[in-house]
Amino acid sequence: MIAKLMYPVIDCPDPAALAGFYARILDWEVDASDPEWVWLTSAAGQRIAFQEAKDHRPPRWPDPEFPQQFHLDFEVGTIEDVERAQREVIALGAVFLHDSGGERKGFRVFNDPAGHPFCICYGQSL
């Protein structure tokens with residue numbers, strides 16, 4: 001195992017509204033204390049994040065011109081762990097895109113082989 005899955009992140013124009021929609025379906029709790037990044041959390045601690053995307057282009061499934069959109073966040077413990085994870089995901093075909101630059105807490109962004117972004121986060125549980 002390289003890392004463990006933290007939660008899916010869904011881009012949308014109004015995170016609170018979309019989280020509210022899914023909260024009604026799932027009976028989960030909404031935390032909209034940051035309007036650009038809204039959490040939906042189950043009683044068991046499962047989470048989905050909703051991230052504001054001002055220029056969001058909604059999917060029109062199954063139209064490939066408007067594909068489905070989301071990204072995955074994976075968690076490792078420390079910056080040393082993210083260094084190892086970065087080497088391993090690149091070896092699997094990922095492409096490095098961005099480093100948040102945190103010394104104890106942060107994330108690195110990659111594209112998967114199909115071009116979907118994903119993050120490897122570190123220091124999140126500290």
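If you're wondering where the values come from, they're calculated on a predicted model, not measured in any experiment. Numbering of residues starts from 1 in every chain and runs along the sequence as written. With pLDDT at 70 or above as the cut-off, local features in this predicted model cover only qualifying residues; side-chain atom pairs require 80 or more to be listed or tallied, and sums for whole chains, interfaces and linings still use all residues. With hydrogens and water stripped out, all remaining heavy atoms of the structure feed into the side-chain values.

## Remarks on the sheet that holds strand S7 (residues 106-111)
Only when DSSP finds a minimum of two bridges between them are two strands counted as paired. We count a stretch as a helix when DSSP gives it H or I for four or more residues in a row; a strand needs E for two or more, and each element gets its number in order from the N terminus. Spatial strand order, S2-S3-S4-S1-S5-S8-S7-S6: eight strands in an open sheet with mixed pairing. With one partner strand each, in any of the chains shown, strand S2 (29-31) and strand S6 (95-99) form the two edges of the open sheet. Sheet twist, expressed as the mean angle between neighbouring strand axes with direction ignored, is 25 degrees. Sheet topology places S7 next to strand S8 (residues 117-122); six bridges connect them, and they run antiparallel. Only the contacting stretch of a helix is used when fitting its axis, a line to C-alpha atoms as for every element, and angles between N-to-C directions run 0 to 180 degrees.

## Some points on the packing of aromatic side chains
Only centres within 6.5 Å qualify two rings of Phe, Tyr or Trp (six-membered ring in Trp) as a pair; their planes then separate them into stacked at under 30 degrees, edge-to-face at over 60, and tilted for everything else. What the rule picks out here adds up to seven aromatic pairs. Between the aromatic rings of Tyr7 and Trp39, the centroid separation amounts to 4.7 Å while the plane-to-plane angle is 90 degrees, which identifies the pairing as edge-to-face. Taken together, the positions of Tyr7 in strand S1 (residues 4-12) and Trp39 in strand S3 (residues 37-41) put the pair 32 residues apart, joining distant regions of the chain. Classification of Tyr7 by relative accessible area gives buried; the value is 9%. Under the scheme applied here, a residue whose accessible area is under 20% of the maximum for its type counts as buried, over 50% as exposed, and between as partly exposed, the area being computed with a 1.4 Å probe on protein chains only.

## Digging into unusual backbone geometry
Residues Trp61 and Pro62 are joined by a peptide bond in cis, for which omega reads 5 degrees. Considering the arrangement of structural elements, one finds Pro62 in the loop between strand S4 (47-52) and strand S5 (71-76). A positive phi angle, near 60 degrees, is found at Asp27, a position not held by glycine. Mapped onto the secondary structure, Asp27 falls in the loop between helix H1 (15-26) and S2.

## Looking at the confidence of the model for the chain
The predictor attaches a confidence to each residue, called pLDDT, with possible values from 0 through 100. Looking at the chain as a whole, the pLDDT averages 93, with 99% of positions reaching at least 70. Within the chain, the element-level pLDDT minimum falls on S5, averaging 92, and the maximum on S2, averaging 98.

## So, a nonpolar patch on the surface
On the surface, Phe21, Tyr22, Ile25 and Leu26 cluster together into a nonpolar patch covering about 360 Å² of accessible area. Looking at Leu26, the relative accessible area reads 37%, which means it is partly exposed. To count toward a patch, a residue needs a relative accessible area above 30% and no salt bridge. Like charges then connect within 9 Å, nonpolar side chains (Val, Leu, Ile, Met, Phe, Trp, Tyr) within 5 Å. Each accessible area is a Shrake-Rupley estimate made with a 1.4 Å probe; only the visible protein chains count as cover when residues are assessed. Any Lys or Arg side-chain nitrogen found within 4 Å of a carboxyl oxygen on Asp or Glu counts as a salt bridge.

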